[in-house]
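Observations on chain architecture
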Amino acid sequence: MPENVILRTRMPEAPYGIIWRYLRAGQVIPFLGAGCSFSGRPPDAEWDRGSTAFLPSGKELARWLADESQFPDQTDRENLAKVSSYYQESDSREGLVTLLGEVFEHDYPVGPIHEFLAELDVPLLIVTTNYDNLIEKAFQNKKKPYHLVVHPTEDPALAASVLWFKPGAAGPEAFAPNKLTLSPTDTTIIYKMHGGIDEARKPWNGCVITEEDYVDFLSRMTGQSAIPARFMMHFRECRFLFLGYGLTDWNLRVMLKNIQNVMASPKPAEEQSPASPIREEDRKAWAIQYRPLDLEKVLWQKRNVNIYDMKVDDFVKGLSQRRERELHGTASAGS
């Protein structure tokens, strides 16, 4: 992402026409954050362990794990990574993953962003750091095939690998990230960067959630041995659309910094592609975040990302209207 992109913190709406034009051409990589999992949740609703109507926020999940483990530090009860580390030490890794399964294996409804992406005819590389299976479920509901690539976290023998679930396959194949020969040529790829919890993939469940998990994953990112090389090649050729992310979490900031560093480095021979990479001065990135803090606005600005203060559902509504106008031939030249 270039250093000379101007941040517009007060824009009333996102540039739907521009984003839609690149999205329909397969030249946008959506990054799905926690805000994408809150669709349909009443504004004042509170999550508890028995709730199956909507997913918990990271803070709510942290508070629950803190209650279960008698987490001793009252000032850090909403720090999911730290509380998860304490829970794991108090119980076990298996116990932590099993408990998370009680939350994420419910049949939650998919949101408008998941449905919108599943309806697109163009193959995309969709990146998500969420543990839920909502984006996969949306594709399944539409009977749309997809490749699923997941970072395993529970088997030490697979720690340096990614798991590739081909469309319709009962199980995955393991590959070193630089050996995965997969790119979104005709079928969408869903890349679960931080793993996931899904009843259908129970033998391979796991997620990057504790402080130790993040340190291990980010260290491999720094060494360019985490994200598949083919995906990094696609990163160089596309724009980024961050949906529902907040930048107060240090691990997300480090992840974005590492991606930026890799993209700015000389292109390795194994990433050669007939497509031309986007010039840094032409690379655009957008973030959709509801009520960002002033600090977060500054942090996005430092990463040369244009941020728009709105709910993900409202953004999808505006983007859908832009698509409908085009389909009916009523889009104006300036929209």
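Please refer to the structure higher up on the page.
Here goes a summary of the coordinates provided. (Residues numbered from 1 in each chain as written. Predicted model: local features only at pLDDT ≥ 70, side-chain atom pairs only at ≥ 80, totals over all residues. Heavy atoms only, no water.)

As a further point, take the packing of aromatic side chains. Overall, the coordinates contain 17 aromatic pairs when judged by the stated rule. On the numbers, 5.6 Å between centres and 80 degrees between planes, the contact of F165 with W204 is edge-to-face. With a gap of 39 residues between them, F165 in strand 4 (residues 162–165) and W204 in the loop between strand 7 (195–196) and strand 8 (206–207) connect regions that are remote in the sequence. Judged by its relative accessible area of 32%, W204 is partly exposed. Every member of this aromatic cluster is reached through a ring pair, and the members are F31, F235, F240, F242, Y245 and W300. When the ring centre of F38 is taken as origin, the NZ or CZ atom of R41, which lies over that ring, is 5.8 Å away. (Phe/Tyr/Trp six-rings, centres within 6.5 Å; stacked < 30°, edge-to-face > 60°. Helix = DSSP H or I, 4+ residues; strand = E, 2+ residues; numbered from the N terminus. Buried < 20%, exposed > 50% of the residue type's maximum accessible area, 1.4 Å probe, protein only. Lys NZ or Arg CZ within 6 Å of the ring centre and 35° of its normal.)

Tracing the backbone shows V316 in helix 11 (residues 312–327). Other than its neighbours up to four places away in sequence, V316 contacts P112, I113 and F116. (Contact = heavy atoms within 4.5 Å.)

The next point concerns helix 7 (residues 211–222). Relative to the 16 Å expected for 12 residues at 1.5 Å per residue, helix 7 spans 16 Å between its end C-alpha atoms, a close match to the ideal helical length. Along helix 7, the positions that sit buried rather than exposed are D213, Y214, F217, L218, R220 and M221. Projection of helix 7 onto a plane perpendicular to its axis shows the buried side chains occupying an angular sector of 155 degrees, all on one side. Across from the buried face of helix 7, at angles greater than 90 degrees, the exposed residues are V215 and T222. (Expected span 1.5 Å × (residues − 1). Arc of directions from axis to C-beta.)

Contact pair helix 2 (residues 58–69) / helix 3 (residues 80–90): the axes reach a minimum separation of 9 Å and the direction vectors enclose 25 degrees. The angle between helix 2 and helix 3 places the two elements in the roughly parallel class. Considering how the two elements wind past one another, helix 2 and helix 3 form a crossing that is left-handed. Every residue of helix 3 that contacts helix 2 at G58, L61, A62, L65, A66, E68 and S69 is listed here: L80, V83, S84, Y86, Y87 and S90. (Axes fitted to C-alpha atoms, helices over the stretch in contact; angles between N-to-C directions. Parallel < 35°, antiparallel > 145°, perpendicular 65-115°, else oblique. Left-handed = near helix turned anticlockwise from the far one by under 90°.)

Two elements in contact, helix 2 and helix 4 (residues 93–104), have axes whose closest approach is 12 Å; the angle formed by their N-to-C orientations is 130 degrees. If you check the angle between helix 2 and helix 4, you find them oblique. The way helix 2 lies across helix 4 gives a crossing that is right-handed. Residue-level contacts link L61, W64, L65 and E68 of helix 2 to L96, L99, L100, V103 and F104 of helix 4. Considering only residue class, the contact of helix 2 with helix 4 consists of eight nonpolar, no polar and one charged. (Nonpolar A, V, L, I, M, F, W, Y, C, P; charged D, E, K, R; others polar.)

Okay, the pairing of strand 1 (residues 28–32) next. Among the five residues that make up strand 1, five are buried, leaving the element largely enclosed by the rest of the structure. Side chains V28, P30 and L32 of strand 1 all project onto a buried face; the interleaved residues I29 and F31 project onto the opposite face, where all are buried too. As defined by bridge partners, strand 1 adjoins strand 2 (residues 125–128) across two bridges and the pair is classed as parallel. Residue pairing for strand 2: F31 is matched across the bridge by V127. (Pairing = 2+ DSSP bridges.)

Turning our attention to the pairing of strand 11 (residues 306–309). Looking at chain direction, strand 10 (residues 285–289) and strand 11 are connected through four bridges and run parallel. Looking at the pairing, I288 lines up with Y308 of strand 11. With respect to chirality, the unit in which strand 10 leads through helix 10 (residues 294–302) into the neighbouring parallel strand 11 is right-handed. (Right-handed = clockwise from strand over helix to strand, strands pointing away.)

Moving on, we come to the sheet that holds strand 2. The nine strands lie next to each other as 5-4-3-6-2-1-9-10-11, forming an open sheet whose pairing is mixed. In the strand order of this sheet, the two ends are held by strand 5 (173–175) and strand 11, each with one partner. The average angle at which neighbouring strand axes cross in this sheet is 20 degrees, direction not considered. Pairing between strand 3 (residues 146–150) and strand 6 (residues 188–192): five bridges, direction parallel. Along strand 6, the bridge assignment pairs H147 with I189. Helix 5 (residues 112–119) contacts strand 1, strand 2 and strand 9 (239–243) of the sheet and is inclined by roughly 150 degrees relative to strand 1.

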